[in-house]
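# Chains, contacts and geometry: an overview
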Amino acid sequence: MAKKMLAFFLLLLVLVTACSPAATPAPQPPAETQAPGQPTSPPEPEPVKCTSIAPLDLYMVGNGDTPARAAVEAALNAYIEPLICARVTFNIVGWGDWFSKAITGIQAGEKMDIFFTADWWQYNELVAQGLLLPLNDDNGPNGNLLKLYGQGILQTLNPAFISGTQVNGVNYAVPTNKELAVPDGFIYNVALAEEIGFTAEDAAKIKTMRDFEPWLEKAKAARPDEYPYLLNFMPGFEPWVDGFASGVPVNIITMKLEPDASGKFDETIVNVIETDWYREYVTLIREWREKGWVHPEAALTGYEPDPIMNAGKFFVVAQPLKGYNIKATELMNSSGNPDLRLAEIEWQKKVVITNHTGGSMLAIPALSEHPVEAMKFINLLHTDPKVVNMTLFGVEGKHWELEADGRVNLIDSAWYGAHPGAWVWGNTQIQYVTNKEDPEKNRRLAQYSDDALQHPSLGFRFVKTPVDAEITAVQAVMDTYWTPLLYGYIDPATELPKFIDELKAAGIDKVKEEVQRQYDAWKATTK
């Protein structure tokens, strides 16, 4: 809940994705002769006469480059060149390298034409720096790109995604058509669970971090060389609205996510570092580190939790979820480990927040020399099953094959495991699902948010400019304390009071006051 740490994990903020209480409309059911689970195919796009081919550099975060990329690019480009007169080159940048390579690159004006972003992944900051191209500007040099070249996007995407990701009425990125609510939860290793007697009934009883302790002790005893609680970018059982005040480091100024028993939301804005929750969490992680339950190198440069999870050398890890064990299945598919079995522990209510409106988006950098072709390609990702499934799974016949029931058998997961997964590519409603997934997965994703609650802050976007100096000073303090405390390196009994004092000296209270001022002004003009 991503990222990575401050040199690494601090950069990530949990996964996940939402927009408004309305769910993305499900596609029309396929014809009776079509295999279950197979996306409905629109008419084949008509080839055009190309006078030149635009080279598009697409930057996507993920697990890094793969030798499979060349084959995927060759097959994809052979199909799209006659349609949009463009060729795509994928640049898959590791999570830990994104800021030093992709963000630095876009700031330096390197050649980039399509760029992954999200509300939790620098979207507001990139907009504020003028690095992303307005997509719905009637007076833009290429006209209104969305209306002219993104007709399929506008026709298939829930309008709430379009309005919810606007900054002052302007769209700077195209959201993925997917689920609108992403509650936090946990993923656990079924094989290890069976070894220690942890059942689905036991999983349902986990309501606090302390509830894990008897099982973590058993897991450590069963596998002494492993670290059962896998630390990543997400604190477990985090009760806050994710990304509430964009630009304030790691969401430390926020409010509670869930309503109380009467259904009333508490809109009190807090500094998380001063809460009992934070003190108890960092104290607990410190204890778990000393017991050998968390990896001693977590938060060091080079530490990657995903390979540990993929190898099945853990017991439990915090993750954003999507319902129906979908996230666990996706992680199994992308792991490359046929023996990995994962299951989910749900605990958080489904609440739609601003941060999930733009939980996954593709933008066009302001300096792109090919914005028209870039928008045409993004439009294909939302409308053409061949394009989106090739981008998702790789080359048919080489990386995957379509089975009789319309689901995908992954022959080689090298490409599928290199990028983050289905949630970053175009339109999930025209994606295939794997043979390890529910054939109704995409329909269920679309309907998952039907009963979600709408948080009162939905639509609020913080502008950090008035307190830029204070945020810079706060970030310097965070660089000293956040990661060591969050991963148990230093003793919170002595270091947390210093952390709070130095944050106050840096101006965190002024930042909080500015967030409160902007929120009050927004509430005054919002129903």
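A brief structural summary. Quick caveat: nothing in here was measured; it's all calculated off a predicted structure. Residues take numbers from 1 onward in each chain, read along the sequence in its written order. Restriction of local features to residues with pLDDT of at least 70 applies here, the model being predicted, together with a cutoff of 80 or more for giving and counting side-chain atom pairs; totals for whole chains, interfaces and linings are based on all residues. Hydrogens and water are ignored here; the side-chain numbers use all heavy atoms of the structure.

Now for the overall build of the chain. Under the DSSP-based scheme used, a helix requires at least four consecutive residues in state H or I and a strand at least two consecutive residues in state E, with every element numbered from the N terminus. Of regular secondary structure, the chain possesses 19 helices and 15 strands. For 527 residues, the compact-globule estimate of 2.2 N^0.38 gives 24 Å, and the chain sits close to it at 23 Å. Seen through its principal axes, the chain has C-alpha atoms that stretch 70 × 55 × 45 Å. Surface exposure here means Shrake-Rupley accessible area, sampled with a 1.4 Å probe, where a residue is shielded only by the protein chains that are shown. For the chain, the exposed surface amounts to about 20,600 Å²; the carbon and sulfur share of it is 52%. Each radius of gyration reported is based on C-alpha atoms, and the globular scaling rule is 2.2 Å times the count of residues to the power 0.38.

Expected span of a helix, by definition, is 1.5 Å for each gap between consecutive residues, and there is one gap fewer than residues. An ideal rise of 1.5 Å per residue puts 18 Å on 13 residues; helix H14 (residues 371-383) measures up with 18 Å between its terminal C-alpha atoms. Partly exposed residues are those whose accessible area sits between 20% and 50% of the maximum for their type, while under 20% is buried and over 50% is exposed, using a 1.4 Å probe and protein chains only. With 11 of its 13 residues buried, H14 lies for the most part within the structure. Of all the positions in H14, only Pro371, Val372, Glu373, Ala374, Met375, Phe377, Ile378, Asn379, Leu380, Leu381 and His382 are classed as buried.

Pairing within the open sheet is mixed, and its 4 strands lie in the order E6-E9-E5-E10. Here the strands that pair on one side only, and so sit at the sheet edges, are strand E6 (229-230) and strand E10 (342-346). In this description, strands pair whenever DSSP reports at least two bridges between them. In the sheet, strand E5 (residues 184-189) pairs with strand E9 (residues 316-320) via 5 bridges, with the strands oriented antiparallel. Residue pairing for E9: Phe186 is matched across the bridge by Ala318.

Before going further, it helps to examine the layout of surface pockets. Here a cavity denotes grid points, spaced 1 Å and computed from the protein atoms alone, that fit a 1.4 Å probe unable to get out, and a pocket denotes an open set having protein on both sides within 12 Å along at least 5 of 7 lines; residues with an atom within 4 Å of a point are the lining. Grid points are joined across faces, edges and corners, and a volume is the space filled by probe spheres set on the points. Taken as a whole, the second largest pocket spans an internal volume of roughly 450 Å³. Looking at the second largest pocket, it is lined by 18 residues, and the ones nearest its centre are Val167, Asn168, Arg461, Phe462 and Val463. In terms of residue count, the dominant contributor to the lining of the second largest pocket is helix H3 (residues 123-128) (4 residues). Considered class by class, the residues forming the lining of the second largest pocket number 7 nonpolar, 8 polar and 3 charged. The nonpolar class holds Ala, Val, Leu, Ile, Met, Phe, Trp, Tyr, Cys and Pro. Asp, Glu, Lys and Arg form the charged class, and all remaining residues, Gly among them, are polar.

Okay, the packing of H14 against helix H15 (residues 385-393) next. Helix axes are fitted only over the stretch in contact, all axes being lines through C-alpha atoms; the angle between N-to-C directions runs from 0 to 180 degrees. The interhelical angle for the contact between H14 and H15, taken along N-to-C directions, is 95°, at an axis separation of 6 Å. Taken together, the axes of H14 and H15 are roughly perpendicular relative to one another. Residue-level contacts link Phe377, Leu380, Leu381 and Thr383 of H14 to Pro385, Val387, Val388 and Thr391 of H15. Here roughly perpendicular refers to angles of 65 to 115 degrees, roughly parallel to angles under 35, roughly antiparallel to angles over 145, and oblique to all remaining angles. Residues are treated as being in contact if the distance between any of their heavy atoms lies within 4.5 Å.

In this analysis, rings of Phe, Tyr and Trp, with Trp reduced to its six-membered ring, are considered paired at centre separations within 6.5 Å, and the interplanar angle assigns stacked below 30 degrees, edge-to-face beyond 60, and tilted for intermediate values. Evaluation of the coordinates by the stated rule reveals 35 aromatic pairs. With 5.2 Å between their ring centres and 90° between their planes, Phe460 and Tyr519 make a pair best called edge-to-face. One end of the pair, Phe460, is in the loop between strand E15 (453-454) and helix H17 (468-486); the other, Tyr519, is in helix H19 (residues 508-524), with 59 residues separating them in the sequence. Overall, the relative accessible area of 4% leaves Phe460 in the buried class. Take Tyr519: its relative accessible area is 2%, and that puts it in the buried class. Three or more aromatic residues joined by ring pairs make a cluster, and in this case those are Tyr59, Trp95, Trp98, Phe99, Phe115, Phe116, Trp120, Trp121 and Trp423. Charge-over-ring contacts are defined here by two conditions on Lys NZ or Arg CZ: a distance within 6 Å of the ring centre and an angle within 35 degrees of the ring normal. When the ring centre of Tyr489 is taken as reference, the NZ or CZ atom of Arg289 above it lies at 4.0 Å. The ring of Tyr448 carries the charged tip of Lys350 above its face, separated from the ring centre by 4.2 Å.

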